[in-house]
Amino acid sequence: MTAELGHFALILALVLALVQAIVPLVGASTGRPAWMALARPAARGQFLFIAIAFACLTRAFIDNDFSVLYVAEHSNSLLPVVYRVTAVWGGHEGSILLWALILALWTVAVSLFSRHLPEPMVARIIGIMGLISVGFLLFTLFTSNPFERMLPGAVEGKDLNPLLQDPGMVIHPPMLYMGYVGSTVAFAFALSALISGRLDAAWARWSRPWVTTAWCFLTVGIALGSGWAYYELGWGGWWFWDPVENASFMPWLAGTALMHSLAVTEKRGGFKMWTALLAIIAFSLSLLGTFLVRSGVLSSVHAFATDPARGVFILGFLVVVIGGSLALFAWRAPSVGTGGSFEMVSRESALLANNVLLLVATAAVLLGTLYPLLIDALGMGKLSVGPPYFEAVFVPLMAPALFLMGIGPITRWKQANAIDIARRLRWAGGVSFVSAIVAPLLLGHWTPMVGFGVLLAAWIVTTAATNLIGRLREHPAPTLRAKLAAQPGSYYGMLLAHCGMAVFIIGVTLVKGYETEKDLRMEVGDTATIAGYTFRLDAIRERAGPNYNAAQGTLTVTRDGQPVTVMHPEKRLYTATKTPMTEAAIDTGFTRDLYASLGEPVSRTAWSVRIHHKPFIDWIWFGCLLMALGGLMAVLDRRYRSVRSTAPQPAQPAQAASSASSAPASGTPALVVRTSTRVP
Amino acid sequence: MRRPSYQPARFAAFARGLVLALVWVPVLLGSAAATAKEAADAATNPALEARVMAVSEELRCLVCQNQTIADSHADLAVDLRNQIRTKLQAGESEREIKAYMVERYGDFVLYRPPLKATTVLLWVGPFALLALAAFALWRTIRQRAQRLAAAAPSDAELARARRLLKPDPAGHSDR
Amino acid sequence: MKRFLPVIVFAVLVAFLAIGLKLDPREVPSPLVNKAAPAFKLPLLAQPEAMLTPADLRGKVWLLNVWASWCVSCRVEHPLLVELAKTGTVPIYGLNYKDKRDDAMQWLRERGDPYLQSISDADGRVGIDYGVYGVPETFVIDREGVIRYKQIGPLTPEALRDTILPLVRKLGA
C-alpha cells in the first residue's frame, strides 16, 4: 500500500507542478494577479506531495518491502537502518526522486524569501522552476518509477553496494544535489529577467544570495565526495577527473564565474547579458551532468546502471530547456542596455578576466570529458582522457586566475592605475616569493611544483592581508574595533573564501610533493617506519559486523617512542554480495594524515599492508570548508537582511511586461546608498 | 582449558595446564622476540616497484570502469603490472612499454592521449580558446569605452543639464 | 550574430550526445586487425608435450577462439562453435586462457569439443599479445597469418551469419 500511496502522491505532485509551471507564467504575461498568486501555494503543494512520496519510499526501505523492485535491488534485511535510508538515493530512480524533492524544496525557499520582489518576477521564477519540476516528474513517472512492484516479491534484497554503506553516502549526495539543483534558482531568475526584459542591477542583487548559497552547497558536496573517496576507496587518492566528478566540477566553476560576474552587474550595471548567459550555462552544465551520469555515454565508476532509453528522455529534456533558454537569450540580446564604461585596468576588467579564465577552464574540462565520445562518434577510434591530461591543461589555465585573486579586490572600479596596484602589492609579492623558496626547503626538498603552489597560496593570503589592512586604514571610524565592525559581511566573506582557496592549494601542493608510502608484508610483531612514525602490527583478528565479516588489524603507531595512536584497518567480506572491501584506517592530524590499509594475506602468518604518510592533506577539505563559510558570510550580509525587513511593495498589476529601468524598484533609500559605487 | 568432568582429575588438569603455560609462555614471548623485526617490503625491489606504479598510473585498466592499472585489483591489471615489471627489469623505457600496450590495445589504454592529428584539438584547443577569449575581451572593453565616449554628452549639453538641475531660487525644486 | 553562438554550440553538442547514446564507451576495437597475428609457441591442451605456433597454420583460414572453463559467457556461445565445427567450414582452434588443464578438459568433455586443437595460455601472456581483455573473444586469421577480424564478446548467430562466415568465404576463395 505504501508504494502505491507514494506513486499516487507523485502523480498529484506532477499535477501541481503543471499548475505551478503554466498558470503563473501566463498570469505574469497577461497581468492577472490571481493567476500569479497561485505560484506560491502550488509550489508548496508540490513539495508536500513529493515529500510524501519520498517518505513512502523511505518507509518501504525501512520495512524491507522487497516487493518494491527498487528496494529489492538496493537493500537487504541485514543492512543497518541508517543505510537502508541512504539506500533510498543509492540508485537511479531514488536519486532522481531526491532531485525532484530538492528542487521542490528550493522552490519553496524562493516562495518564502521573495516578499521584496515584484509579483510578476516571483511568478515567473516559480513558474520556470515548475517547468523543470514537471520535466523531472515526468521522467520519474514514465521511465524511472521507484515504486514499481515486482510480483512475487523477492525473498531478500541484493544489498546496497558495500562502497556506499558509509556515512559519506548519508550526506554527500544530498549536499551535492542541493548545490546542483540550486543552480536552477539562478537560471529561473535569469530567464524571468530575460522574459520580462528587466535585466538590471536589481535583478543581479536579488539573484546573488541564491547563487552564492547554491555554490556553498556545491562546494561542500564536492569536498565531501572527494573526502569520502579518500577514506573509502582504500588507495589514498581524492580526485580522479572521472567524468562524474567533472560533471559536478563544471557547474562549480561556472557558478564561481557567475558569482563574480554578478558583482559587476550589481555594482556597475554592466555585462548583464553575459551574466544571464552564465546563469543559463551553469544550470545547463548541471543538467548535462545528470545526463552524462545516467545515460551510459561515458564510462565511470560512479555511473548509475541505466539504459540509453532514459538517456534519450534526458537529452530531449536538455534540448527543450537549454535550447529554449539559449534561443530566448539570442532573441533578447539586442534589447538590453550596456551599462557603464570602464578602463582596461579596472576591477570590472579583472573580474571579467576571471570569468574568461574560469570559463575556458570549464570548457577544457568539458572538452576532455567528452573528447572520447567525440572521437568515437566521428569514427576515429577510441581514446581515453585521464588525469595526466586534465592536470597538464587545467593547472596552467587556473594559475592566472589565482594570481588575479590578489589583484582584483585591490583594484578600483571603473578606472585604476596599474603602477599604483603594483606598488601597493610589492610587500605581498616579496613575501610570497620568499615563502616559495623557503617553505619547501623547510619541509624537505624543493621542487618547482611545490614552489609554485606555495607562491600562489602565499600570494593570495598576503594580498588579502594587504587589502584588509589598507581598507581598515582608510576607514574613517575612530577605533580598530569600529573599523572592523563597519566592513560588510560580504567583504569578510570574500577574504575568507579566497583564503580558503589558498589553504586548498597548500593542501594539494604539499601532499603531492611530499607524500610517502610503503608497501609491506607484515607478520604480527613486525614494525615499519615512515616519516618518523613507527608502525607495529600487534594483531590480526576476525570481527563480525552487521552484514559483513572482517579481518581487522591492530597497528600501534609511535613517534620517538611516544605513543601516537592505534589504527584498525579492515578487510571486509560482505555477506549478501560476497564483495570484498578494504576499510582503511586513517589517523587525522592538522599537519598530516597517517593512512593504513590491509591487503591480502600473503602467507599463513603475513599480510600485505600499505602505510602512507600524507602531509597537510586535510587542508584540501578544510580549504573547501573555508570557501563555503566565506560564501555563507556573504549571503548573511546585512544588506540582504535589511531588504527582507522592509515593507513589501504593493502589487502593481499593470506592471506585467514593463521594460527595463536601472533603478532598483523595490529598494529603500538606505539600500540605494549601500550599493553605491564606493570601493568595497 | 577444558574443565575436568570429575573431581579427582581436577588437580591433574590444573597441573597439566600449569606445565603447558610454563612451556608456552616462553615460546610465545620468544616467538614475539624472534619475529619482532622490521617488516619486509612487499616487493623485492621497492625502487623498481615505484617505477612500475608510475608507469601503471598512466595506463587504463580495460576491464574496469575508469581505473588505472595501478589501482585495479582485476586479474588483467595484475597481469599487465607483471608484464611492466618484467619489461622494466629487462631495461625497457617507459615509452617502449607504452608503445607495447598501444600496439595491443590501441590508444584507449593511455590516459594521457598522445599528440596526433586527432588530438590536436584536445591539446591545443583550451589554450587557443584562451587566446581567442582574451582577445575578444580586450576588444570588447576597448570598443565599449569608445562607444560610450562617442555617446557621451557634449559640453553644451552638460552645461544645459547643469542649469536645469540647479535648485530654483523661488524654491520650487522638486527633488 | 554573436548571440546565436551559444545555441549553435549547444546544437552541435546535442548531436554528438545523441550519437553517443548508440555507442558503447567500454568496447575497445582491436588495433591488430590487418596486422600479422603475434607469434607464440604454446603447449596443446590435450598433449602438453606438443607445441603449436601460428606458423604451423599458414596456408589456411582459421578461427582462434579465446575461452576458459571459468567464463560464464563462453557457455552461451559454445553450442554455436560446436555446430560450426560440425559443418567443417573453417578450422577452429581454442586458446585456453588462464585456466587449469583439468578444469578445461572436463569442461570440453561436458559440453563438446569444437576445436581441432586447444592450446594452453596458463599465464595469459599470449592473451596480452593478442590484446585480449575479456573472455570470450574470437579472431579470424587468414592464410598469410594476418588477423582480419576480432569478435569481442560471445559469438552470436548474427555475427556468424553476417560478418564472420562471409569473411571466411572471401578469404578462403
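Conventions used here
Residues numbered from 1 in each chain as written. Chains lettered and ligands numbered in written order. Predicted model: local features only at pLDDT ≥ 70, side-chain atom pairs only at ≥ 80, totals over all residues. Helix = DSSP H or I, 4+ residues; strand = E, 2+ residues; numbered from the N terminus. Rg over C-alpha atoms; globule rule 2.2 N^0.38 Å. Contact = placed C-beta atoms within 7 Å. Pairing = 2+ DSSP bridges. Buried ≥ 20, exposed ≤ 12 C-beta atoms within 10 Å, placed from the backbone. pLDDT = per-residue confidence, 0-100. Core = buried A, V, L, I, M, F, W, Y, C linked by C-beta atoms within 7 Å. Domains from an automatic or database assignment. Axes fitted to C-alpha atoms, helices over the stretch in contact; angles between N-to-C directions. Parallel < 35°, antiparallel > 145°, perpendicular 65-115°, else oblique. Left-handed = near helix turned anticlockwise from the far one by under 90°. Nonpolar A, V, L, I, M, F, W, Y, C, P; charged D, E, K, R; others polar. Expected span 1.5 Å × (residues − 1). Arc of directions from axis to C-beta. Bend = angle between axes of the 7 residues up to and from the residue.

Peer 1: Let's hear about the overall build of chain A: which residues, and what values?
Peer 2: The helix and strand tally for chain A stands at 22 helices and 10 strands. Against the 2.2 N^0.38 benchmark of 26 Å for 680 residues, chain A shows a C-alpha radius of gyration of 27 Å, consistent with a compact globule. Viewed in the frame of its principal axes, chain A has a C-alpha envelope of about 85 × 70 × 55 Å. The contacts of chain A with a sequence gap of at least 6 include a subset with a gap of at least 24, amounting to 75%.

Peer 1: Give me the pairing of strand β8 (residues 585-588) of chain A: which residues, what numbers.
Peer 2: Residue and element names in this part refer to chain A. When β8 meets strand β9 (residues 592-601), the two strands line up antiparallel, connected through four bridges. By the bridge assignment for β9, Asp 587 is matched with Leu 594. The loop that links β8 with its antiparallel partner β9 comprises three residues.

Peer 1: Would you mind going over the sheet that holds strand β1 (residues 40-41) of chain B in detail, with residue names and values included?
Peer 2: With respect to topology, five strands assemble into an open sheet ordered β8(A)-β9(A)-β10(A)-β1(A)-β1(B), the strand pairing being antiparallel. Taken across any chain shown, the strands that pair with only one partner, and hence form the sheet edges, are β8 of chain A together with β1 of chain B. Strand direction decides the pairing type here: strand β1 (residues 516-523) of chain A and β1 of chain B, joined by two bridges, are antiparallel. Note that in β1 of chain B the partner of Leu 520 of chain A across the bridge is Asp 41 of chain B.

Peer 1: Residue-level account of unusual backbone geometry, with values.
Peer 2: Following Leu 151 of chain A, the chain continues into Pro 152 of chain A via a peptide bond in cis, with omega recorded as 5°. Here Pro 152 of chain A lies in the loop between α7 (119-143) and α8 (167-196). Pro 136 of chain C follows Val 135 of chain C through a cis peptide bond whose omega is 0°. Residues other than glycine seldom take positive phi values, yet Trp 241 of chain A does so here, at roughly 55°. For Trp 241 of chain A, the location among the structural elements is in the loop between α9 (201-232) and α10 (243-268). For Trp 241 of chain A, a count of 20 C-beta atoms within 10 Å puts it in the buried group.

Peer 1: Kindly report on the confidence of the model for chain C, identifying the contributing residues and their values.
Peer 2: The predicted model of chain C averages 92 in pLDDT, with 99% of residues at 70 or higher. Scored as a complex, the prediction yields pTM 0.88 and ipTM 0.88.

Peer 1: Please provide a residue-by-residue account of the nonpolar core, values included.
Peer 2: Core analysis: the biggest nonpolar cluster contains 266 residues, and Ala 186, Phe 189, Ala 279 and Ile 460 of chain A have the highest contact counts within it. Ranked by the residues each element gives to this core, the list is headed by α9 of chain A, at 18 residues. Excluding its chain neighbours within four sequence positions, the residues that come into contact with Ile 460 of chain A are Leu 402, Met 405, Gly 406, His 498, Cys 499, Met 501 and Ala 502 of chain A. Core analysis: the next-biggest nonpolar cluster, separate from the first, contains 20 residues, Phe 535, Leu 598 and Val 609 of chain A together with Ala 39 of chain B among them.

Peer 1: Break down the domain arrangement of chain A for me, citing the residues and quoting the values.
Peer 2: The extent of an interface is frequently quoted as the accessible surface area lost upon association of the parts. Residue and element names in this part refer to chain A. Structurally, chain A comprises domain 1 (1-159), domain 2 (166-413), domain 3 (414-513 + 621-647 + 665-674) and domain 4 (516-616). A straight line from the C-alpha centre of domain 2 to that of domain 3 covers 23 Å. The partner domain 3 presents 30 residues to the 28 residues of domain 2 that form the contact. Of all the elements in the fold, those that place two or more residues in the side of domain 2 that touches domain 3 are α9 and α14 (387-407). Broken down by element, the side of domain 2 that touches domain 3 gets its largest block of residues, 11 residues, from α9.

Peer 1: Please give an account of the sheet that holds strand β4 (residues 92-97) of chain C that cites residues and values.
Peer 2: Residues and elements named next belong to chain C. A sheet is described by the order of its strands in space; here five strands give the open sequence β5-β4-β3-β6-β7, paired in mixed fashion. Where the open sheet ends on each side, the last strands, each with one partner, are β5 (117-121) and β7 (147-152). With strand direction ignored, the average angle separating the axes of adjacent strands in the sheet is 20°. Across five bridges, strand β3 (residues 62-67) lies against strand β6 (residues 137-141) in antiparallel orientation. Bridged to Leu 63 within β6 is Val 140. Strand contacts of helix α5 (residues 157-172): β6 and β7, with the helix running at about 165° to β7, the strand carrying the most contacts.

Peer 1: Tell me what's going on with the interface of chain B and chain A, and back it up with residues and numbers.
Peer 2: On the chain A side, the residues contacting the 37 residues of chain B number 43 residues. Going through the elements one at a time, α1 (8-35), β1 and α5 (120-151) of chain B are the ones with two or more residues in the side of chain B that touches chain A. Ranked by the residues each element gives to the side of chain B that touches chain A, the list is headed by α5 of chain B, at 12 residues.

Peer 1: Lay out the packing of helix α2 (residues 46-56) of chain B against helix α3 (residues 75-89) of chain B with the relevant residues and their values.
Peer 2: Residue and element names in this part refer to chain B. Running from N to C, α2 and α3 point in directions that differ by 120°, and their axes come no closer than 10 Å. In terms of orientation, α2 and α3 fall into the oblique class. As α2 runs across α3, the sense of the crossing is right-handed. Residue-level contacts link Leu 48, Arg 51, Val 52, Val 55 and Ser 56 of α2 to Arg 81, Ile 84, Arg 85, Leu 88 and Gln 89 of α3. Of the residues belonging to the contact of α2 with α3, the class tally is five nonpolar, two polar and three charged.

Peer 1: Account for the interface of chain C and chain A, naming residues and giving values.
Peer 2: In this assembly, 17 residues from chain C lie in contact with 24 residues from chain A. The residue makeup of the side of chain C that touches chain A, split by class, is 14 nonpolar, one polar and two charged.

Peer 1: How would you sum up the environment of Gln 117 of chain C? Please name residues and give values.
Peer 2: All names here are of chain C. Looking at where Gln 117 falls in the secondary structure, it is placed in strand β5. Note on Gln 117: 17 C-beta atoms within 10 Å, which makes it partly exposed. For the pair Gln 117 and Arg 101, spaced 16 residues apart in sequence, the C-alpha to C-alpha distance is 14 Å. If near-sequence neighbours (up to four positions away) are discounted, Gln 117 is found in contact with Leu 44, Leu 52 and Tyr 93.

Peer 1: Go over the environment of Glu 83 of chain C, please, and point to the residues and values.
Peer 2: Residue and element names in this part refer to chain C. Examined against the element boundaries, Glu 83 turns out to sit in helix α2 (residues 72-87). The class of Glu 83 is partly exposed, set by 13 C-beta atoms lying within 10 Å. Considered as a pair, Glu 83 and Pro 114 are 31 residues apart in the sequence and their alpha carbons are 7.9 Å apart.

Peer 1: Before we move on, could you go through α3 of chain B and cite the residues and values that matter?
Peer 2: All names here are of chain B. For α3, built from 15 residues, the straight-helix expectation of 21 Å at 1.5 Å per residue is met to within 8% by its first-to-last C-alpha distance of 21 Å. Among all positions of α3, only Leu 76, Ala 77, Leu 80, Arg 81, Gln 83, Ile 84 and Leu 88 are buried. Down the axis of α3, the smallest arc covering the buried residues is 160°, so these residues share one side. Residues Asp 75, Thr 86 and Gln 89 are exposed on α3 and point more than 90 degrees away from its buried face. Backbone geometry just after α3 places Gly 91 at a positive phi near 95°.

Peer 1: Can you explain α5 of chain C? Please cite residues and give values.
Peer 2: Bending of α5 of chain C peaks at approximately 35° at the position of Ile 164 of chain C, with proline Pro 166 of chain C no more than four residues after it. In the core, the buried residues of α5 of chain C are packed alongside α2, β6 and β7 of chain C.

Peer 1: Residue-level account of the pairing of strand β6 (residues 570-574) of chain A, with values.
Peer 2: Residues and elements named next belong to chain A. In this structure, strand β4 (residues 548-559) lies alongside β6, joined through five bridges in antiparallel fashion. Within β6, the residue paired with Ala 551 across the bridge is Lys 571. As consecutive antiparallel partners, β6 and strand β7 (residues 580-583) are separated by five residues, and within that stretch Lys 578 has a phi angle of approximately 55°, a positive value.

Peer 1: Tell me about the environment of Thr 529 of chain A, residues and numbers included.
Peer 2: By secondary structure assignment, the location of Thr 529 of chain A is in strand β2 (residues 527-530). A tally of 15 C-beta atoms within 10 Å means that Thr 529 of chain A is categorised as partly exposed.

Peer 1: Let's hear about the packing of helix α1 (residues 2-30) of chain A against α7 of chain A: which residues, and what values?
Peer 2: Each packed pair of helices is defined by two parameters, the angle between the axes and the distance between the axes. Residue and element names in this part refer to chain A. Running from amino to carboxyl end, α1 crosses α7 at an angle of 150°, the nearest separation of the two axes being 7 Å. The pairing of α1 with α7 is recorded here as roughly antiparallel in orientation. Viewed along their axes, α1 and α7 form a crossing whose handedness is left-handed. Classifying every residue of the contact of α1 with α7 by side-chain character gives 18 nonpolar, six polar and one charged.

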